[in-house]
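# Remarks on the overall topology
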Amino acid sequence: MIIKWGPKSLFAKLLAAHMVVIMVTLATIGFLFSYLVDKYFFSAREWELTAQAEQVAELLAAEFQAGNFPEVEKMSETLAVSMDVKVRVMDDQRNEIVTAIPPQGESTESVALDPDEIDFIMQGDVISKKVYGPAVQHLLVGMPIFKGENGREAENPEVIGGIIVNAPLASLRANAAQISSLVLYSLLFATLVAGFFAFNLAKTISRPLQAMTSAAMDMKSGNFRNRIDINDKGELGQLAATFNQAVEETNKTIHEQKRLQALRQNLVASVSHEFRAPLTSIQGFVDAMLEGFIREEEQEKYLRVILNNTLHLNRLVNDLVDLASIESGYVQLRYEDVDPYTLAEKALDSVYPQAQEKSIKLEYNYEEGLPALRGDGDRLYQILINLLENAITYTPDKGRIALEAQLSDDKEKVIFTVKDNGQGIPSAEIPYIWERFYKVDKARNRANKGKGLGLAIVRELVHMHNGEVAVKSTPGEGSAFSVVIPIEQKEDEKSPD
């Protein structure tokens, strides 16, 4: 039987791996830091002792050259006490003439320079030496004493003696040990802090995966509401964002299906509502006329209202029939060559009376030399009429509407654009304006005769011509509806039976 030991969960594995890396890294850093600190202290002490030895040599040079050895001994003892070092002075014959030891100085009998090292000093060079032992740890610096005022800077410097400065390293070792202890405690504290962050990091990495597992189980049971909320911008964040997007798309699809089902259920109610207002108006005015409530001189006015409502009902029925026929596939296009200029001019002439009633100015801007379109002239005319009527409906009195016709950049399509300076469309409602019976201003008076079917028919007819339809709108400034129709139709042309 084989027993496998080790963390089983992803969180435990991540935490263990992080802790191993942290401890190895901090131990290596601690070792290197202690080594560098120790080296730095000894280097700094060596530099300091060399400078002190040079200073001592300069101070003793004059008295040493004059042969005033008692004064040399006195000055050496003073320097030994002030600098807490042992000072030994030799003549040029390598005889030790002065030995000055500080009052609390350690025994240094076993600490000395080799003859070769002394010869090195007598040749005018400086030497430093570390001495380690079970009882003594010292740093020695040997410095030559030069003859003359210029000393080493003279043209031919002459060595007349030498000094050896000997400093104990016990205090230096103690300081280094204290720093090493401080480093050790710092590393222990850093390990705890790093462990805390490693714990949080492991949790941060494992939590999204656990959340995704939980969300996937909820999706399996039909719940698409859960989302993964993390702030990571790396791979886990991208994975969570992709998961959330997939859930969101699935949820949108479900909501869209529910919305379409609700639209189908409300279609009859919407049609009834659209018919009820004009029928009620017609019935009310007819009853009033039959009952004699309307004077004879006013009857023509109300008869015109009845006629307008009747025409509105007729257009509504025609639009419903057209839309139903288009969506069912019964409508087939009768292809012919259509002149864009003549098509647009005809549409503007048709809506001119409606525009005059509201004192709306109509403009026509077109590009010269537009090629003929291959399409159904009546249906293309219907597209422009619906867009223009829609613009007139939602443009205030004395407004402006412009119809533009131009060639696309690739020279393969003609673009018709209807611009108005009306009330505009809120951006949140733009995706829905192409649906049947949808109106931006739901409180709009029925006298405006907005049927809510014109744009739905436009979209279907444009798609039948393999074209595209789009809208740009700014609330309070107006809208621009664009229809892009290919010059040549790529699908097989079909004629009605």
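Description of the structure in this document.

Thresholds, definitions, all that
Residues numbered from 1 in each chain as written. Predicted model: local features only at pLDDT ≥ 70, side-chain atom pairs only at ≥ 80, totals over all residues. Heavy atoms only, no water. Pairing = 2+ DSSP bridges. Helix = DSSP H or I, 4+ residues; strand = E, 2+ residues; numbered from the N terminus. Axes fitted to C-alpha atoms, helices over the stretch in contact; angles between N-to-C directions. Phe/Tyr/Trp six-rings, centres within 6.5 Å; stacked < 30°, edge-to-face > 60°. Buried < 20%, exposed > 50% of the residue type's maximum accessible area, 1.4 Å probe, protein only. Lys NZ or Arg CZ within 6 Å of the ring centre and 35° of its normal. Arc of directions from axis to C-beta. Salt bridge = Lys/Arg side-chain N within 4 Å of Asp/Glu carboxyl O. Core = buried A, V, L, I, M, F, W, Y, C linked by side-chain atoms within 4.5 Å. Contact = heavy atoms within 4.5 Å.

## Some thoughts on the sheet that holds strand 7 (residues 361–366)
A sheet is described by the order of its strands in space; here 5 strands give the open sequence 7-9-10-12-11, paired in mixed fashion. In this open sheet, the two edge strands, each paired with only one partner strand, are strand 7 and strand 11 (468–474). Across the sheet, the mean angle separating the axes of adjacent strands is 15 degrees when strand polarity is ignored.

## Side note on the packing of aromatic side chains
The full count for this structure, using the stated rule, is 5 aromatic pairs. Plain terms: the ring middles of Y364 and Y366 are 5.0 Å apart, the flat faces sit at 35 degrees to each other, and that makes the pair tilted. The exposure class of Y364 is buried, given its relative accessible area of 19%. Look at Y366 and you get partly exposed, because its relative accessible area is 36%. Here the aromatic residues Y341, Y364 and Y366 are joined through ring pairs into a cluster of three or more. Between the NZ or CZ atom of K346 and the centre of the ring of Y381, over which it lies, the distance is 4.6 Å.

## Some words on the pairing of strand 12 (residues 478–486)
Across the 9 residues that make up strand 12, a large majority, 8, are buried. Judged from the 7 bridges that link them, strand 10 (residues 413–420) and strand 12 form a sheet pairing that is antiparallel. Looking at strand 12, one finds that V414 is bridged to I485. Sheet topology note: the strand 11/strand 12 ladder contains 7 bridges and is antiparallel. Considered in strand 12, the bridge of E468 is made with V484. Between the antiparallel neighbours strand 11 and strand 12 lie 3 residues, among them G476 with a positive phi of about 85 degrees.

## Examining helix 3 (residues 115–122)
Of the positions making up helix 3, those classed as buried are E117, I118, I121 and M122. Around the axis of helix 3, the buried residues are gathered within 145 degrees of arc, so they sit on the same side. One or two residues past the end of helix 3 sits G124, with phi positive at roughly 100 degrees.

## Quick look at the pattern of salt bridges
Oppositely charged side chains are able to pair whenever their charged atoms sit close together. The full count for this structure, using the stated rule, is 10 salt bridges. Note that E96 is salt-bridged to R88, the shortest N-O span being 3.8 Å. Given a relative accessible area of 8%, R88 falls into the buried group. Residue E298 is joined to R295 by a salt bridge in which the shortest nitrogen-to-oxygen separation is 2.7 Å. Look at E298 and you get partly exposed, because its relative accessible area is 27%. When salt bridges with common partners are traced through the structure, they connect R295, E297 and E298 into a single cluster.

## Details of the nonpolar core
Counting residues in hydrophobic clusters, the biggest one holds 41 residues, and the most contacted among them are L373, I383, L387, W434 and F481. Of all elements in the fold, only helix 7 (340–357), helix 8 (377–393), strand 9 (400–407), strand 10, helix 9 (454–464), strand 11 and strand 12 reach the threshold of two or more residues within this core. By residue number, the principal contributor to this core is helix 8, which donates 8 residues. In contact with L387, not counting residues within four places along its chain, are V418, L455, V458, F481 and V483. In this structure, V56, A61, L139 and M143 belong to the second largest nonpolar core, which totals 26 residues.

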